[in-house]
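So the chains spell out like this:
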Amino acid sequence: MASTYVKDPAPATVPPRQPDTRARRPLARRIVDWLTPFCFTLPALLLFGALVLAPILYALYVSLFNWGGFGSPSDYVGFDNYSRLLRDPVFIGDLWRGLLLVLFSVCVQLPFALGMAVLLNQKLRGRALYRMLFFAPYVLSEVITGVLFSMMFAPDDGLADKVLGSVGLDGLGGLWFADQDHVLPTLFLVMTWKYFGFHMMLYLAGLQGIPAELHDAARIDGAGPWQRFRHITLPLLGPTVRISVFLSVIGAIQLFDLVWVVTQGGPDHHSETMAVTMFQFGFKRYQIGYASAISIGMFLISLVFALIYQRSVLRRDTQGALTTMRASR
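Residues numbered from 1 in each chain as written. Predicted model: local features only at pLDDT ≥ 70, side-chain atom pairs only at ≥ 80, totals over all residues. Heavy atoms only, no water.

Engineer: Explain the packing of helix H6 (residues 142-152) against helix H8 (residues 183-208) to me, and be specific about the residues and the numbers.
Structural biologist: Put simply, H6 and H8 touch, their axes get as near as 11 Å, and they point 140 degrees apart. As judged from the angle between their axes, H6 and H8 are oblique. Classified by chirality, the crossing of H8 by H6 is right-handed. The segment H6 lies against H8, with Glu-142, Thr-145, Leu-148 and Phe-149 engaging Val-190, Trp-193, Lys-194 and Tyr-195. Among the residues forming the contact of H6 with H8, the class breakdown is 5 nonpolar, 1 polar and 2 charged. (Axes fitted to C-alpha atoms, helices over the stretch in contact; angles between N-to-C directions. Helix = DSSP H or I, 4+ residues; strand = E, 2+ residues; numbered from the N terminus. Parallel < 35°, antiparallel > 145°, perpendicular 65-115°, else oblique. Left-handed = near helix turned anticlockwise from the far one by under 90°. Contact = heavy atoms within 4.5 Å. Nonpolar A, V, L, I, M, F, W, Y, C, P; charged D, E, K, R; others polar.)

Here it is in structure tokens:
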């Protein structure tokens, strides 16, 4: 029986190993590659350091002194201003009022803005005009808004009392900003009128990014308006809602100019915020050291909230953005 000779298969060719060009790059080239992004970001870093970091560090330094703003700080008191801050009933009240404004904004103002955005996202006659009218208050400055509503809610002679009196609701009118029980709800009403248009436009931008095919497919499957909103609109609008909540909370914590124009923190501190208290002590009573301690307290509250919110709520959105950026490279 003849034997069959089987030729050994040819060995697989191994592609030559590519040399690591990065390791052989000249030192000067590597230095240039490192310095290029640094040079592009240097102007922004200088501005950030001069306009953000330097004032914060200076306020932290001044808060350690009992200083009235004249001359150079010399009366070192350490952390006495901070211990005074924690015992100050006005500042504790500011924290409580700030929390109330945050809850009002998140639970009332933002849902109202979202509802208006969903409504104006429909095919309505004149919806462009409605969008402009609802966004117009945000364009006005806080000073103009404060003066306008101060005249509207003036006791007895204000437009609000006259309108209520014309429809037989005289009992609902009152002192408005001059009453301790009504000043905070009235102030929140002004805040809602001023800022809800901004959040409405954010939601409108997010709604217009949702594909209409998803709603059409859900409508064919028999989903009602509430089911489509709950299972399609709201989840896809999640990143926009989270950013809107963040901006609303930070804005409520740092609220100043609208309150100062309308009430200046009165009556009897019942509409005062942390920023108003800081202004009162810094520029009315010339206690710059204590006012600086209040500013550092505001900064720490905002920073802690921002870090916690970013890590627990915004983390998914930022991770998705970073993943997309890495994948596109």
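There is more to say after this.
Engineer: Explain helix H7 (residues 159-166) to me, using residue names and the numbers behind them.
Structural biologist: When we look at burial in H7, the residues that qualify are Ala-160, Asp-161 and Leu-164. Projected onto a plane normal to the axis of H7, the buried residues spread over an arc of 95 degrees and lie on a single side. Counted as exposed and oriented over 90 degrees from the buried face of H7: Lys-162 and Ser-166. Against H6 lie the buried residues of H7. (Buried < 20%, exposed > 50% of the residue type's maximum accessible area, 1.4 Å probe, protein only. Arc of directions from axis to C-beta.)

Engineer: Go over the pattern of salt bridges with me, naming the residues and quoting the values.
Structural biologist: Following the criterion strictly, the structure yields 4 salt bridges and no others. With its nearest N and O atoms 3.9 Å apart, the salt bridge here joins Glu-142 to Lys-194. Of the two residues, Glu-142 sits in helix H6 while Lys-194 sits in helix H8, which places them 52 residues apart along the sequence. Judged by its relative accessible area of 1%, Lys-194 is buried. (Salt bridge = Lys/Arg side-chain N within 4 Å of Asp/Glu carboxyl O.)

Engineer: If you had to explain the layout of surface pockets to someone new, which residues and values would you point to?
Structural biologist: Considered as a void within the structure, the largest pocket measures approximately 490 Å³ in volume. Contributing to the lining of the largest pocket are 18 residues, with Asn-121, Gln-122, His-215, Arg-219 and Thr-233 lying nearest its centre. Those elements that place two or more of their residues in the lining of the largest pocket are helix H5 (127-139), H8, helix H9 (212-220) and helix H10 (225-236). When the residues that make up the lining of the largest pocket are grouped by side-chain class, the tally is 7 nonpolar, 5 polar and 6 charged. Roughly 310 Å³ of internal volume is contained in the second largest pocket. If you go around the second largest pocket, you meet 15 residues; those closest to its centre are Tyr-195, Leu-247, Ser-248, Gly-251 and Ala-252. Elements represented by at least two residues in the lining of the second largest pocket include exactly helix H4 (89-120), H8 and helix H11 (238-253). Looking at the lining of the second largest pocket, its residues break down into 9 nonpolar, 6 polar and no charged. (1 Å grid on protein atoms, 1.4 Å probe; cavity = no way out; pocket = protein on both sides within 12 Å on 5 of 7 lines; lining within 4 Å. Points joined across faces, edges and corners; volume = space filled by probe spheres on them.)

Engineer: Provide a residue-level description of the side chain of Gln-109, including the pertinent values.
Structural biologist: Its location among the elements puts Gln-109 in helix H4. Note on Gln-109: relative accessible area 2%, which makes it buried. Those residues in contact with Gln-109, other than ones at most four positions away along the chain, are Phe-104, Phe-188, Met-191, Thr-192, Tyr-195, Phe-196 and His-199.

Engineer: How would you explain the packing of aromatic side chains if you had to name every residue and give the values?
Structural biologist: Centre-to-centre distance and the angle between the planes together describe a pair of aromatic rings. The final tally for this structure, using the stated rule, is 25 aromatic pairs. Seen in terms of ring centroids, Phe-65 and Tyr-76 are 5.6 Å apart; in terms of plane orientation they differ by 75 degrees. Their pairing is edge-to-face. With Phe-65 in the loop between helix H2 (27-62) and helix H3 (80-87) and Tyr-76 in the loop between H2 and H3, this pair connects stretches of sequence that are 11 residues apart. Assessed through its relative accessible area of 8%, Phe-65 is described here as buried. On the basis of an interplanar angle of 45 degrees and a centroid distance of 5.1 Å, the ring pair of Phe-104 and Phe-188 is categorised as tilted. Taken together, the residues Phe-104 in helix H4 and Phe-188 in helix H8 connect sequence positions 84 residues apart. (Phe/Tyr/Trp six-rings, centres within 6.5 Å; stacked < 30°, edge-to-face > 60°.)

Engineer: Requested: an account of the nonpolar core, with residues and values cited.
Structural biologist: Judged by nonpolar contacts, the single largest core of 51 residues is most densely connected at Phe-153, Met-200, Tyr-203, Leu-255 and Leu-258. Put simply, the parts of the chain that give this core at least two residues each are H4, H7, H8, H10, H11, helix H12 (257-262), helix H13 (274-284) and helix H14 (288-312). With 11 residues, the single largest contributor to this core is H8. Among residues more than four places away in sequence, those in contact with Tyr-203 are Leu-110, Ala-113, Leu-114, Ala-117, Leu-237, Thr-240, Val-241 and Ser-244. (Core = buried A, V, L, I, M, F, W, Y, C linked by side-chain atoms within 4.5 Å.)

Engineer: Please give an account of empty space enclosed by the protein that cites residues and values.
Structural biologist: Empty space left among the atoms is revealed by rolling a probe the size of a water molecule over them. Tallied over the full model, the rule gives 1 cavity of 30 Å³ or more. Approximately 30 Å³ is the volume found for the largest cavity. Lining the largest cavity, in full, are Asp-94, Gly-98, Ala-252, Ile-253, Thr-273 and Met-274. Mapped by element, the contributors of at least two residues to the lining of the largest cavity are H4 and H11. A breakdown of the residues in the lining of the largest cavity according to their chemical character gives 3 nonpolar, 2 polar and 1 charged.

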